[in-house]
Structure formats: C-alpha cells, structure tokens
Amino acid sequence: HGHSSSHLTCAVIYAHVHVCPRMGTSLAQCGPTCVLRPVFETIDISVPVRHTEPLGVGGGDRAMLLAHAAYTHILGERARKQRNQQTASELQAARARLATSMTACLPGPTQAARAESDLTAGLFHLFPDLESIARTGSPSASPTIGAPGMEFLSNVAIYNQLLTMATQIQHDAMNANNHKYIAHQIALLYQCLNQVRGEFKPLKRRIEQVFDEIKSLTESSSTPQLSCRQKEWLEEVATSILTLMHTSCPSMQEKFAPCAHVLEQC
C-alpha cells in the first residue's frame, strides 16, 4: 500500500487483472495481479469542441433546408426572366436538392405525413414561387408579391453586420493602433442601427451625441488617440448592442418569427 507521489498525481488509472492459470502454482510464479498505467498514455481523451453549434431538435439540417428553399426561389425568379435550357436545368437540380433536404428534416414515419404537409405549406408561404415549381417544375408566369423568407434572410444579413461592427468596435476601441478609422466604423454601426430599429433605436441618440467629437479627433492627426472617456463610451455602446442581440430582444423575435414557425415543423 505505497503512497508515492507518482501514484498521488495520477488522476485516472485502470487495472488489468491476471489470474494464475494453474491451481497450486506459487504466487511468485504468477504474473502481476494488477498492472497500473496512466490512462492518458493509451486512451485518446480529446473532446471535440461544439459550443458554437446550435442545440437543434428534430432531424436534418434546417439551415441547409432554408438555404435550398431560398436558392430555388431565386432560380425561379431568374427562370421567369431568362427562359433557356441552362436556367431550366439549374432549377430542376435545385428542386431535387430541396426535396432531399425536406425529407432529411422530417421526423419519424408516424409523424412524417402531417409534418410534410405543414412544412410544405410553410415553405410555400415563405417562398411563394416554390409552390408552382414543386407542382409544374416552373415558376408562375407572373411575379409573386412578397416573400417572407427573403425578408428574413435580409434581416439576418443586417443583424449579422450589426453584430460584426459592434464586435470590431469593442475590440478596436481598446487598441490605439486602430483609432484612425474608428469614426468610419461608428458611421457604419449607426446605419445598421437605423435599419434594425426596435430596442436598438435609443443607441442612435447616444452615437449622435458623441460622433462629431470623435470624428474631429480622428481627422486631426495621422495617429489619433481616443481618450479614456471616449474608449469607455465606445465599449459601453458596443456592449449594449451585443447584449440586446444575445438576449434576442422582442424586435428581433418579431422579425424572425415567421421563419422560425415554419422550421419548427422539422
């Protein structure tokens, strides 16, 4: 029962037990009863990092389903304007990929029929051209009015730009080497806020109060340096934006609700 430091520092061990093959054989002639080895020498304990992946429920890849639906809808619009063999072939290939993606997203056999009906109706609502494409292989002769799915993707692009700009400004505010063009970044951030509105709208006023001051500073020198107060202000604004986004504020949920409701059928 030794208590050497090597045994104490070994966090995990495993045992391989040997049984003496013949009764009557002395213990000295048998192999070791237990061989201790650090588990880390023989077992790969690496764990894949997946904290950035969504905790999706249901089967299939819903993001890929949405992408296929949007792409097929766009090809339908093109086919309506450019009636040629290449466009028609691309549309049929996209139609087949969409069908495969839909099948992969459906639940088990007992629920598949109802889920397929709900999912199909939902996709037709998001991307109106899909109904004609699914039925006849071609888009409707007259352009469809409104496509909630395309509006959803447009909103996602705006929020993504807002997230990117806020994250970049949060980083650059504390790095003096990046202050030269900080006013341009703030201007882009302001444009994003102007498009998303909702709970983000009050932040526009905060930027308006300080923007001219920072713009004048950055134009007054080739190597401008923001004051501690200005850096703290930028940090606060960027953090406020990121907090609103990560909590999925009501205005975001309202814009994403139509598409989210359809994807819940998966």
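Coordinates for the structure precede this section.
Residues numbered from 1 in each chain as written. Predicted model: local features only at pLDDT ≥ 70, side-chain atom pairs only at ≥ 80, totals over all residues. Heavy atoms only, no water.

K.L.:
Would you mind showing me how to read the layout of surface pockets here?
P.N.:
Regions of empty space are outlined by a rolling probe, equal in size to a water molecule, passed over the atoms. Space inside the second largest pocket adds up to approximately 240 Å³. Along its surface, the second largest pocket is lined by 13 residues, and L98, A99, M102, T120 and A134 are the ones closest to its centre. Looking at the lining of the second largest pocket, the elements that each hand over two or more residues are α3 (85–105), α4 (109–126) and α5 (129–136). Counting residues per element, the lining of the second largest pocket draws most heavily on α3, which supplies five residues. Taken together, the residues that form the lining of the second largest pocket break down as nine nonpolar, two polar and two charged. (1 Å grid on protein atoms, 1.4 Å probe; cavity = no way out; pocket = protein on both sides within 12 Å on 5 of 7 lines; lining within 4 Å. Points joined across faces, edges and corners; volume = space filled by probe spheres on them. Helix = DSSP H or I, 4+ residues; strand = E, 2+ residues; numbered from the N terminus. Nonpolar A, V, L, I, M, F, W, Y, C, P; charged D, E, K, R; others polar.)

K.L.:
I tried to follow the pattern of salt bridges on my own but got confused; where do I start?
P.N.:
If the charged atoms of two oppositely charged side chains come close together, the side chains can form a pair. Summed over all chains, the structure comprises six salt bridges. Between E219 and K215 there is a salt bridge whose closest N-O contact spans 2.9 Å. Of the two residues, E219 and K215 are both situated in helix α8 (residues 201–219); the distance of four residues between them amounts to about one turn of the helix. On the accessibility criterion, E219 (56% relative accessible area) is exposed. Take K215: its relative accessible area is 33%, and that puts it in the partly exposed class. (Salt bridge = Lys/Arg side-chain N within 4 Å of Asp/Glu carboxyl O. Buried < 20%, exposed > 50% of the residue type's maximum accessible area, 1.4 Å probe, protein only.)

K.L.:
Mind showing me how you'd approach the nonpolar core here?
P.N.:
Membership of the largest hydrophobic core comes to 29 residues, with the highest contact counts inside it found for L162, I186, L189, F200 and I241. Among the secondary structure elements, those contributing two or more residues to this core are α6 (148–172), α7 (182–196), α8 and α9 (228–246). Looking at this core, the element that brings in the most residues is α7, giving seven residues. Setting aside chain neighbours within four positions, we find L189 in contact with L162, M165, A166, I169, I207, V237 and I241. In this structure, L66, M102, L123 and C259 belong to the second largest nonpolar core, which totals 17 residues. (Core = buried A, V, L, I, M, F, W, Y, C linked by side-chain atoms within 4.5 Å. Contact = heavy atoms within 4.5 Å.)

K.L.:
Mind showing me how you'd approach the packing of aromatic side chains here?
P.N.:
For any pair of aromatic rings, the description rests on two quantities: the centre-to-centre distance and the angle between the ring planes. The full count for this structure, using the stated rule, is three aromatic pairs. Geometrically, the ring pair formed by Y159 and F200 is tilted, given 6.2 Å between the ring centres and 50 degrees between the ring planes. Linking Y159 in helix α6 with F200 in the loop between α7 and α8, this pair joins segments that are 41 residues apart in sequence. An identical accessibility class is assigned to Y159 and F200; each is buried. Pairing Y159 with F256 gives two aromatic rings, centres 5.5 Å apart and planes at 75 degrees, and the pair type is edge-to-face. Residue Y159 is found in helix α6, and its partner F256 is found in helix α10 (residues 250–263); the two are separated by 97 residues along the sequence. On the basis of relative accessible area, F256 is assigned to the partly exposed category, the value being 21%. Among the aromatic residues, ring-to-ring pairing joins F152, Y159, F200 and F256 into one connected group. (Phe/Tyr/Trp six-rings, centres within 6.5 Å; stacked < 30°, edge-to-face > 60°.)

K.L.:
I keep staring at the environment of T87 and nothing clicks. Help me out?
P.N.:
Tracing the sequence through the fold places T87 in helix α3. It is 7.5 Å that separates the C-alpha atoms of T87 and L75, two residues lying 12 residues apart in sequence. Those residues within four positions of T87 in sequence are excluded, and the remaining contacts are L75, R78, A79 and Q82.

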